[in-house]
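# Survey of secondary and tertiary structure
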Amino acid sequence: MEGSVAGLIHGFSVALDWHNLVYCLIGVLAGNLVGVLPGMGVLSAISILLPLTYGMPPVGAVLMLAGLAYGAQYGGAICSILLNLPCHPPHAVTCLDGFPLTKQGKGGTALGITMMGAVFGAAFGILQMIFTAPYIAKIAFSFGSAEICSLMLLGLLAGSTLAKGSPLKGVAMTILGLLLGLIGQDADSGIERFTFGVLNLDDGIELVALSLGLFGIAEFLRSVNNIAPIDTAYAKLGVSDLRPSRADMKKAAFPVLRGTLIGSLCSLIPGTGPTIASFVAYAAEKKISKTPERFGHGAIEGVAAPEASTHSSVQGDFIPTMSLGIPGDAVMALLLGALIIHRIQPGPRLIIEHPDIFWGLIASFWLGNLMLIFLNVPLIGVWVKLLMVPYRFLFPSALFFICIGVFAAKNTLFDVGTTLFFGLFGYLLLLLRFEPAPILLGFVLGPRFEENFRRALKIAHGDLHTFIDRPISAVFLALCLLLVGTQIWVRLRGPKTRVAIPTSVLDTE
Amino acid sequence: MNFWQRSVRQILLALLGLFAIVAPAAAQDSYPNQPIHVVIGFAAGSGADTLTRYFTDKLQALAKQPVIVDNKPGATGNIALRAVTEAKPDGYTLLFSANSNMAGSRYLFKDLPFDTVKDFVPIASFAQIAFIVVVSPKSPINSIADLTAFLKKKQGALSGYTNQTAQLSTEYYKQLAGVTTTPVSYKATPDAMRDIVEGQLDFMIIDGTFGAPQVRQGQLKALAVTTAQRSPSLPDVPTMQEAGVANFDFSPWWVAYAPKGTPQPIVDKLQGWMLQITELPETADFLKDVGAVPQHDTGPQADARLKAELPKWETLVKAAGIEPQ
């Protein structure tokens, strides 16, 4: 413990150095910008900035790139809430309740709550990294393929509740997502599935293209016919709407806490990133809530929990990367690449050999998040005014940014075409009153479920008992049964009947 | 049109014709006078990308023009290959690729719209990455001999891989040592790391860029490297050949390519630069950090080297039971 505190003090002295402070600032500013622009991911942004870091001192380089990674989470919620356009997949769930809030004139409130969730989530993630980094690794290692498979199954079952309408439609969309996730080359056997010989489909459909198409473009197509009513509704936003009320903050407090915990859990488990964390947090909130029917129509919990979870998940992602040298995802791999270019070997000895980098990074997390709060909170008003820009300018500009962002993912126009295709398809779904959110869930969780299922069986030499023999996996499977069981039980019991008040009681008084 | 107008027109056309002939020649002499694009089939931040960016950085200094890396990941590198075959062969679009891609794609895929041997002109080879045979640090196995003996006794041993080169490398070892294992594939390295350290997998062949730091820090135990010479980043680890597996030399080596039809003077110029860069002591230092060694084949030597390897790849793909897609 003392070692951590001493390290932290050292870290602050490094991070507060003028040069490093500026590098950190550039990183978070760039990150925030990247977060606001739809589609353009952290990955593309880091790869653009990476050559610039060659001439920089290693500490500065790492601080800047890390700032990009967590800064991007701050901007992502803005478009989701105000325009129903998820700039990045982790913020897709935020659209579900964020946009209805905006339509009710409470867009500023939603953004304010998001900031609250962001700070809390990030702070938790940082504290986790400081004090628990060594223990984290142990937990992460006990999650084998069987455990992850059962967890994915739980997620899929729980997630079909994401739809606000008929559960049958929710399940149908989840299955559609599963089917879409099949497209591509199978990792195990190398066989191409449903690619129809198209080379660009070998790696499957690009997630960013799918989410922007289904959520963004489909929504645009729907709104294009309804311009007049929305124009006037937004114009009614007053300044008082920008600050969340006490009541809202109270309502959001526990969801933020729960979301944060879920986010940090997800950051520990390899392969589960902020996207899954946000879905799980939303589904959990909906399940726990006493009034689940409010979700999808502007429940503040539906905004607070996913946002807190993405932030804590992103901060938590740094832990295995910095303490073990094992990157949790592509963004972390890039960060490690930057370290290697600067001749710094990542791994468990990093904290000993280069305390500047490790503790300086952690200290910069605090500073960076602080800078982001000071940057974003005053800007909430500016963003909300963005809504007053007439649709005929707003939408084409957003479409323009979407195309650039999607193209930047893999440098190919094929993905832009994919976005368009799913935009049209998503519009069709909206017309038929299907919800697109479960598609994303099925698409993200399905392949991971399959991959881990097959691998777990291979390792167990074909013995299906492995899923029950391993304790953590058994727990998740039991939760699955519980989940499905309660749904069936509730249905069988019939709708909640109103308590029949005997007329005799009413007659007295 | 009267006589004068026709004549002026003819003269102008003739002059234009002259320019057309002169222009490409001028382009060759003044090559490069535009930014050069180097296409690779890996995403930004990957080991391959890190490797490439070092060389493009140095190339930029020599060429005095910006050298930009175009990441075109996908389809196991085939998207990048296709992009380069579709580009103009004017020396401004190059490809950095490994033999694993050029040889592997030939046998792993049917109906590719290009031929990996005929449609590319090798410029020079520049790096070779060692793959490392690793086991869990908790494992009682300490050498390849131990491993072979262990695998011969154990039923249903498990080996892991995260990419096709590692998979084929494992097949090669199994062939030469006369053992069998069940291969388990991993999309992401962290998952593989977890399973090898926990002992779910009996051994794994892992790429040096990621593996060498892990071995040095004690997270993994290295039994051998797959190159013919010892790797400078892990000087204490024997080669497979030293460990008793004769003729084992299976590691990706990287070559710079230009599309077929690129003028020879441009290819020669690029070859000169690449060979210059690989001779620098700084290059050897950098490559050591990423678990690689410099290579110095000229274009024709790289071509011959690849052609010599093709039969080996063909048999390994069949042995691994991979169906060409």
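Residues numbered from 1 in each chain as written. Chains lettered and ligands numbered in written order. Predicted model: local features only at pLDDT ≥ 70, side-chain atom pairs only at ≥ 80, totals over all residues.

## Topic: the pairing of strand S6 (residues 158-161) of chain B
Residues and elements named next belong to chain B. Under the convention used in this document: Exposed residues have 12 or fewer other C-beta atoms within 10 Å of their own C-beta, buried residues have 20 or more, and residues in between are partly exposed; the C-beta atoms are placed from the backbone. Numbering goes from the N terminus for both helices and strands, where a helix is a DSSP run of H or I of at least four residues and a strand is a run of E of at least two. A pair of strands is labelled paired if DSSP reports no fewer than 2 bridges between them. Orienting the strands away from the viewer, one traces the path from the first strand over the helix to the second; a clockwise path indicates a right-handed crossover.
Of the two faces of S6, the one lined by Leu158 and Gly160 and the one lined by Ser159 and Tyr161 are each fully buried. Sheet topology places S6 next to strand S7 (residues 182-185); four bridges connect them, and they run parallel. Its bridge partner being in S7, Tyr161 is matched across the sheet by Ser185. What joins S6 to S7 is helix H6 (residues 164-177), and the crossover it makes is right-handed. In the sheet, S6 pairs with strand S8 (residues 203-207) via two bridges, with the strands oriented parallel. Residue pairing in the sheet places Ser159 in a bridge with Phe203 of S8.

## Focus: unusual backbone geometry
As a rule of thumb, non-glycine residues mostly have phi less than zero, and peptide bonds are mostly trans rather than cis. Cis rather than trans, the peptide bond between Tyr31(B) and Pro32(B) has omega equal to -10°. Its identity is not glycine, yet Phe194(A) carries a phi of approximately 55°, on the positive side. As for its position among the elements, Phe194(A) is in the loop between strand S2 (192-193) and helix H9 (207-223). The backbone of Phe196(A) sits at a positive phi, close to 50°, despite the residue not being glycine. Along the chain, Phe196(A) turns up in the loop between S2 and H9. Judged by the 7 C-beta atoms lying within 10 Å of it, Phe196(A) falls in the exposed class.

## Here we look at the sheet that holds strand S1 (residues 36-40) of chain B
All names here are of chain B. Note the cut-off: Axis lines are fitted through C-alpha atoms, for helices just across the contact stretch, and the angle between N-to-C directions can take any value from 0 to 180 degrees. By definition, residues are in contact whenever their C-beta atoms, placed on the basis of the backbone, come within 7 Å of each other.
In spatial order, the strands read S2-S1-S3-S10-S4-S11; together these six strands make up an open sheet with mixed pairing. Every interior strand has two partners, whereas the edge strands, strand S2 (67-71) and strand S11 (292-294), have only one. Averaged over all pairs of adjacent strands, the angle between their axes in this sheet comes to 30°, without regard to strand direction. Summarising the sheet, strand S4 (residues 120-129) and strand S10 (residues 253-259) pair through seven bridges and their orientation is antiparallel. Within S10, the residue paired with Ser125 across the bridge is Val255. Relative to S11, helix H10 (residues 281-289) is tilted by about 165°, and along the sheet it contacts S4 and S11. Relative to S4, helix H11 (residues 299-319) is tilted by about 75°, and along the sheet it contacts S4 and S10.

## Points about the environment of Leu367(A)
Positionally, Leu367(A) belongs in helix H16 (residues 355-386). The spacing of Leu367(A) and Ile26(A) is 341 residues in sequence and 12 Å in space, taken between C-alpha atoms.

## Points about the domain arrangement of chain B
Residue and element names in this part refer to chain B. The condition is simple: These domain boundaries are the output of an automatic or database domain assignment.
For chain B, the domain assignment lists domain 1 (31-129 + 252-319) and domain 2 (131-225). Contributions of two or more residues to the side of domain 1 that touches domain 2 are made by helix H4 (99-108) and H11. The dominant element in the side of domain 1 that touches domain 2, judged by the number of residues it contributes, is H11, at three residues.

## Observations concerning the interface of chain A and chain B
When the parts come together, some accessible area is lost, and that loss is often what is quoted as the size of the interface. If you look at the interface, chain A gives 44 residues, while chain B gives 43 residues. Mapped by element, the contributors of at least two residues to the side of chain A that touches chain B are helix H3 (42-49), helix H14 (330-341) and helix H19 (437-459) of chain A. Ranked by the residues each element gives to the side of chain A that touches chain B, the list is headed by H14(A), at six residues.

## Looking at the packing of helix H7 (residues 145-159) of chain A against helix H12 (residues 274-288) of chain A
Residue and element names in this part refer to chain A. Selection criterion: Each angle is binned into one of four classes, with values under 35 degrees roughly parallel, values over 145 roughly antiparallel, values of 65 to 115 roughly perpendicular, and all other values oblique. In a left-handed crossing the near helix is turned counterclockwise from the far helix by less than a right angle, and in a right-handed crossing that turn is clockwise.
Where H7 contacts H12, the axes come no closer than 10 Å and their chain directions differ by 55°. In terms of axis orientation, H7 runs oblique to H12. Relative to H12, H7 is oriented so that their crossing is left-handed. Contacts from Gly155, Ala158 and Gly159 of H7 reach H12 at Ile276, Phe279, Val280, Ala283 and Lys287.

## Quick look at the nonpolar core
Generally speaking, nonpolar side chains in soluble globular proteins are found buried as a group. Which entries qualify depends on this criterion: A set of buried Ala, Val, Leu, Ile, Met, Phe, Trp, Tyr and Cys residues, joined to one another through C-beta atoms within 7 Å, is what we call a nonpolar core.
Counting residues in each nonpolar core, the largest one holds 243 residues, and the members touching the most others are Val62(A), Ile132(B) and Val134(B). With 18 residues, the single largest contributor to this core is helix H4 (residues 58-83) of chain A. Viewed by domain, this core spans two of them, domain 1 (31-129 + 252-319) and domain 2 (131-225) of chain B, each represented by three or more residues. Ignoring anything within four residues of it in the chain, the contact list for Ile132(B) reads Ile206(B), Gly208(B), Gly211(B), Ala212(B), Val215(B), Ala222(B), Val225(B), Leu234(B) and Val237(B).

## Quick word on the sheet that holds S8(B)
Residues and elements named next belong to chain B. With respect to topology, five strands assemble into an open sheet ordered S7-S6-S8-S5-S9, the strand pairing being mixed. The open sheet terminates on both sides in strands that have one partner only, identified here as S7 and strand S9 (221-225). Neighbour to neighbour, the strand axes of the sheet diverge by 30° on average, direction disregarded. Packed on one face of the sheet, H6 meets strand S5 (131-135), S6, S7 and S8 and runs near 135° to S8. The strands that helix H7 (residues 189-198) touches are S5, S6 and S8; relative to S6, the one it contacts most, it runs at about 155°.

## Examining the pairing of S9(B)
Residue and element names in this part refer to chain B. Counting buried residues in S9 gives five out of five residues, a clear majority hidden from the surface. Bridge count for S5 against S9 is four bridges, and the pairing is antiparallel. Residue pairing across strands places Val135 opposite Lys221, the latter belonging to S9.

## Looking at H19(A)
Residues and elements named next belong to chain A. Defined as follows: The span one expects for a helix is its residue count, reduced by one, times 1.5 Å. To get the bend at a given residue, fit one axis to the seven residues ending there, fit another to the seven starting there, and take the angle between those axes.
Taking 1.5 Å of rise per residue, the 23 residues of H19 would be expected to cover 33 Å, and the 34 Å separating its terminal C-alpha atoms lies within 8% of that figure. Where H19 bends most, the angle comes to about 30°, and this point is Leu445, followed within four residues by the proline Pro447. His461 occupies a position one or two residues after H19 and carries a positive phi of about 55°.

## Let's talk about the confidence of the model for chain B
Cut-off, in case you're wondering: The predictor attaches a confidence to each residue, called pLDDT, with possible values from 0 through 100.
Averaged over every residue, the pLDDT of chain B is 86; residues scoring 70 or more account for 95%. In the predicted complex, the global pTM is 0.79; the interface-specific ipTM is 0.77.

## What about the confidence of the model for chain A?
All names here are of chain A. Taken residue by residue, chain A gives an average pLDDT of 82. The fraction at 70 or more is 90%. Mean pLDDT across the elements of chain A ranges from a minimum in helix H22 (residues 503-507), with 45, to a maximum in helix H18 (residues 413-431), with 92. Note that residues 228-233 has pLDDT below 50 and, in this model, three contacts with residues that lie over four places away or in other chains. Low confidence marks residues 498-509, where pLDDT is under 50. Its contacts with residues over four positions away, or in another chain, come to one contact.

## Topic: the packing of helix H2 (residues 47-63) of chain B against helix H9 (residues 264-279) of chain B
All names here are of chain B. Quick reminder of the rule: Gly is placed with the polar residues, together with every amino acid not listed as nonpolar (Ala, Val, Leu, Ile, Met, Phe, Trp, Tyr, Cys and Pro) or charged (Asp, Glu, Lys and Arg).
The N-to-C vectors of H2 and H9 enclose an angle of 120°; their axes lie 10 Å apart at closest approach. Between H2 and H9, the crossing angle belongs to the class labelled oblique. As for the relative orientation of H2 and H9, their crossing is right-handed in sense. Taking contact as the criterion, the partners of Phe55, Lys58, Leu59, Leu62 and Ala63 in H2 are, on H9, Trp273, Gln276 and Ile277. Of the residues contributing to the contact of H2 with H9, the split by class is six nonpolar, one polar and one charged.

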